[in-house]
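The lines below spell out each chain.
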Amino acid sequence: MANPMKFRADHVGAMLVPAKLQQAREQLASGGLNPALYDSLAHEAAEAAVAMQIDLRMDIVTSGGLRTSAPGQFVRDDEVQFLLDHTRKPYAFPFKICLPSPSALALEAFQAGSAKGADLIAVAQAALPRLQETVAKLIAEQTPCIQIDSGAVYDWLSQGAAAAQLDGSGQTPATLFAALRAIDASLFAAQPVERNTSLALRLGRCSDGALWVMQAANESRVNQLLNGLAIDRLLLDLGGSVSDFSMLAKLPAHLTVVLGLVEANGATVESTDTILEMIDAAAAVISLECLALSTDKDFTSTTEPLQRKKLDLVQGSAKRFWGMEF
């Protein structure tokens, strides 16, 4: 059975890279920094990110994506041990580890120009075995939550521009959607049914428009993607301008739906009342018991003080809404 914890106050995983570590990354890339020294600086940055989340009493903690994995790896071999070592005080905090989906890796290669439209299925299929192995290992190590990021691939395939970008590839958005969904589904289906790990899927946006899952015109695609998918948790990158939550009623009833309402890289901090009103609107559609709250994107273009305030808003809003749960 999957972990029943709802992790009401969540975020999508990646933290702002501190200026010191960004400079070190650039020096490492140019050959001007010893790799061992870089690892030490990355370890220090991840420790600070975990400590900040614990100080805010976040419901679930990550290393912020600040510890670089080795070539060919999706996560460092010692990532679980690192998080265990740093989330046991003042009491045990659940943690999660974020990985890309096969479909996200395919879209990334396409956007980078290293794969053409005709190659996308092959790229995703090639990544699947290593990802299956990685997820199985993390489950065996009792990772509380594993988040698989689809990136914006399904959002992209729901946009009209995708057909033109795929022209001449032998693929259409519909055929590619089905093929990539099948590969992503295989990643989850390969995992044990009896487990203490929550499996989460994060759905991203390819623009600042409304997420495709929330648009009634895409109901058939929503059903195609999610029905029968062996996940426990669904993270939606919504942003702060959602007014219609009616499509939440179309999602599988067993899922914890994580509303990404707090704009991670927004220039200002939203009011708690605004966030609570949006959760209220969502709770009018599906049970409050099935909801959680998070940021909408990775932290990339904000400041460290704003990052902390955004996470504090998520945590404070969740505690105001759900109270203390045990």
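The structure under discussion appears in the preceding block.
Residues numbered from 1 in each chain as written. Predicted model: local features only at pLDDT ≥ 70, side-chain atom pairs only at ≥ 80, totals over all residues. Heavy atoms only, no water.

K.L.:
Could you give an account of the overall build of the chain, naming the residues involved and the relevant values?
P.N.:
Helix and strand content of the chain: 11 helices and 6 strands. Taking 20 Å as the expected radius of gyration for a compact globule of 326 residues, we find that the chain reaches 19 Å, a close match to that expectation. In terms of principal-axis extent, the alpha carbons of the chain reach across some 50 × 50 × 40 Å. Counting over 326 residues, the chain shows a buried share of 52%. Considering only residue pairs separated by 6 or more positions, the chain has 76% of its internal contacts joining residues 24 or more positions apart. Accessible surface, the chain: about 14000 Å² in total, of which carbon and sulfur atoms supply 54%. Here the chain contributes 26 positively and 36 negatively charged side chains, and the mean placements of these two sets differ by 2 Å. (Helix = DSSP H or I, 4+ residues; strand = E, 2+ residues; numbered from the N terminus. Rg over C-alpha atoms; globule rule 2.2 N^0.38 Å. Buried < 20%, exposed > 50% of the residue type's maximum accessible area, 1.4 Å probe, protein only. Contact = heavy atoms within 4.5 Å. Areas by Shrake-Rupley, 256 points an atom, 1.4 Å probe, with all protein chains shown as cover. Lys, Arg positive; Asp, Glu negative; His and termini not counted. Charge placed at Lys NZ, Arg CZ, Asp CG, Glu CD.)

K.L.:
Could you give an account of the pattern of salt bridges, naming the residues involved and the relevant values?
P.N.:
In total, this model carries 19 salt bridges according to the counting rule given. The partner of Arg 76 in a salt bridge is Asp 78, and the shortest N-O contact between them spans 3.1 Å. Taking relative accessible area as the criterion, Asp 78 reaches 32% and is therefore assigned partly exposed. We note a salt bridge from Asp 298 to Arg 202, for which the minimum N-O separation is 3.4 Å. Pair noted here: Asp 298 is in the loop between strand E6 (291-295) and helix H11 (304-322) and Arg 202 is in strand E3 (residues 198-203), with a separation of 96 residues, a long-range link. Its relative accessible area of 27% is what places Asp 298 among the partly exposed residues. (Salt bridge = Lys/Arg side-chain N within 4 Å of Asp/Glu carboxyl O.)

K.L.:
An account of the sheet that holds strand E4 (residues 233-237) is needed here, citing residue identities and associated values.
P.N.:
Across the sheet, 6 strands lie side by side as E1-E2-E3-E4-E5-E6; this open sheet has parallel pairing. Single-partner strands in this sheet number two, and they are strand E1 (96-100) and E6. On average, each strand axis in the sheet is inclined to that of its neighbour by 25°, with strand direction left out of account. Note that E1 and strand E2 (residues 145-149) share 5 bridges and pair parallel. Bridging across to E2, Leu 99 finds its partner in Ile 148. Where H11 meets the sheet, its contacts fall on strand E5 (256-262) and E6, and the angle it forms with E6 comes to roughly 165°. (Pairing = 2+ DSSP bridges. Axes fitted to C-alpha atoms, helices over the stretch in contact; angles between N-to-C directions.)

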